[in-house]
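The chain contents come next:
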Amino acid sequence: MNAARLVISRHVTPEGVSVLGMVGEIDFNTVGEFRAALADREGAEGHRTVVDFSRVTFMDSSGINVLVAANRDAAEGGGWIRLACLPAGVHDVLHIVGLDEVLPLYPTLDLALTS
């Protein structure tokens, strides 16, 4: 059996917002990489992060737990986390657990960055 893979890219906008682009699955096997990427806010002013989910194919409760903790940490530091481009399956999971009431979700990366 092949372990799920997750590839994460990062860039920081001129405004100091960290943008994470992810490709693959966020699950028990890859959640450590996801957690580390959200914790690494180097160059992000006030812990402002946008996570681009456009190429995420699956996310389980492991990813939800990481998002909850990262959102708490960002808010405590005066920052925020926004989620962009969620595929239907990931959006449904966030809706079922009520995380869409806690974290702002945006249909496009541009909207997440300019709102």
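Residues numbered from 1 in each chain as written. Predicted model: local features only at pLDDT ≥ 70, side-chain atom pairs only at ≥ 80, totals over all residues. Heavy atoms only, no water.

Caption draft 1: Structural detail: the overall build of the chain. When helices and strands are counted, the chain shows four helices and five strands. In the chain, the order of α-helices and β-strands from amino to carboxyl end is β-β-α-β-α-β-α-β-α. By the compact-globule yardstick of 13 Å for 115 residues, the chain fits well, its C-alpha radius of gyration being 13 Å. The principal-axis extents of the C-alpha atoms in the chain amount to approximately 40 × 25 × 25 Å. Within the chain, the fraction of its 115 residues that count as buried is 42%. Counted over contacts in the chain with a minimum sequence separation of 6, partners at least 24 positions apart contribute 68%. (Helix = DSSP H or I, 4+ residues; strand = E, 2+ residues; numbered from the N terminus. Rg over C-alpha atoms; globule rule 2.2 N^0.38 Å. Buried < 20%, exposed > 50% of the residue type's maximum accessible area, 1.4 Å probe, protein only. Contact = heavy atoms within 4.5 Å.)

Caption draft 2: Spatial organisation of the environment of Phe34. Tracing the sequence through the fold places Phe34 in helix 1 (residues 31-39). Overall, the relative accessible area of 0% leaves Phe34 in the buried class. Phe34 sits 32 residues away from Val66 along the chain, and the two C-alpha atoms are 7.6 Å apart. Aside from chain neighbours lying at most four places away, what touches Phe34 is Leu6, Ile8, Met22, Ile26, Val51, Phe53, Gly63, Val66 and Leu67.

Structural measurements only, silent on function.
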